[in-house]
Structures are given as C-alpha cells and as structure tokens.
Amino acid sequence: MDFGKLLLKLLGFAKDAAQDYIENANKESQPSSQSRPSQSYTAPKPEPVEIERTPAEWNAYFKEILLSEFPSYTIRENVKVTDLVGFVSDECQLYKTRPTQAYKAEWGQPYTFVLESDGKAKGVVMLGSGHSHDSGVKYLIARMYTEKLGIPYINFYTQMPNERDYVISRIHKFMG
C-alpha cells in the first residue's frame, strides 16, 4: 500500500473516531431516552475500498472490457513497437531540455493492447503504474511512433480506479 492510500485510510479512521466521540458526547448531554422521542439511527456508509490489482489482473480487466465492448476490433496484447513500424530510427525531441536526437523503435515500451481492424492498427491502449511511467523514455518512444502513424494512444494509470464506464467512454472518445 503506498503512502497516499495509507494516509487516506488513517484520515478515515480519525474521522470515524471523531464522529463516534461527538455522538457519545451528545448522548450523555441529552435527557434519558424515556423522556425524548425515539430517533432512528442510520449507520454511516462505508467508504469504498480500492482493490489493488496485480499487472496481470489489470491486463485481464482491460482485455475483458476491450473484447466485450469493442467487438469490431481484433485485440493484440504486448505488441512490440517494431511490429507496427518496423526496425526504424527516427529523430524527434522527446524531452524539452534535450535537442532532437534519433530514437530506435525497438527501444519503445511494448503496447499493452493494440486494437486492429482490417489488419491495420486503429488504436493503442497503454497501461502503466504511477503518474511518472508515461514520462519514461520507453513510453515516450512508443507514444511518438503511434503519433507518427496517426494512431490514437490511450494511456491509463493502474493506480487509479479505472471504473468500467470510465474506461469505455475514454476509449470511445479517442477512437472516434
């Protein structure tokens, strides 16, 4: 569990303890239950617990969504950048602080999923953990080559909830 999740959980416990203290203090300061009208008690709704998934579980989750919600596409997994563009070396500026330099396609991070139609790549779905994964050179190279091909590159962070409706609508948005 990362520090942010732990902090949120601890704050949730503190909030619950404070609410219990206030409720108990109110009960003690009010007249006995015989002299006051009965009040119904509603238990507080538990906050949703985020389920941590392994990379394999994330892949299975996204694959199921792609297969069931986008049946007009063929889905390929773990596709090397060179499978789409060949063994090329192209110049570009991946980082603002670095001048233009050549990057080989084989250096790119393999695409988690490629959506294909009529034997041609139509979109890429990329999964990664942490907000910094997409600034790594492997991911930047992979993204650069999809841009050069004019293929939508759809990035998802696996530390986020990625609820089914959100994933579907975001892929639809990119795929047109």
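J.: I would appreciate a short explanation of the packing of aromatic side chains in the present structure.
T.: Pairs of aromatic rings are described using the distance from one ring centre to the other and the angle between the two planes. Under the criterion given, the structure shown has five aromatic pairs. Residues Trp58 and Phe62 carry aromatic rings whose centres are separated by 6.1 Å and whose planes lie at 45° to one another, so their mutual orientation is tilted. Within this pair, Trp58 and its partner Phe62 are both found in helix H2 (residues 55-69), separated by four residues, close to a single helical turn. Trp58 gets classed as buried once you look at its relative accessible area, which sits at 5%. Judged by relative accessible area, Phe62 falls into the buried class, the value being 0%.

J.: Can you walk me through the side chain of Asn155 in this structure?
T.: Structurally, Asn155 can be placed in strand E6 (residues 153-157). In this structure Asn155 touches Met126, His133, Asp134, Arg143 and Arg170, once residues within four positions along its chain are discounted.

Calculation rules
Residues numbered from 1 in each chain as written. Predicted model: local features only at pLDDT ≥ 70, side-chain atom pairs only at ≥ 80, totals over all residues. Heavy atoms only, no water. Phe/Tyr/Trp six-rings, centres within 6.5 Å; stacked < 30°, edge-to-face > 60°. Helix = DSSP H or I, 4+ residues; strand = E, 2+ residues; numbered from the N terminus. Buried < 20%, exposed > 50% of the residue type's maximum accessible area, 1.4 Å probe, protein only. Contact = heavy atoms within 4.5 Å.

Function-wise, these values are silent; they only describe arrangement.
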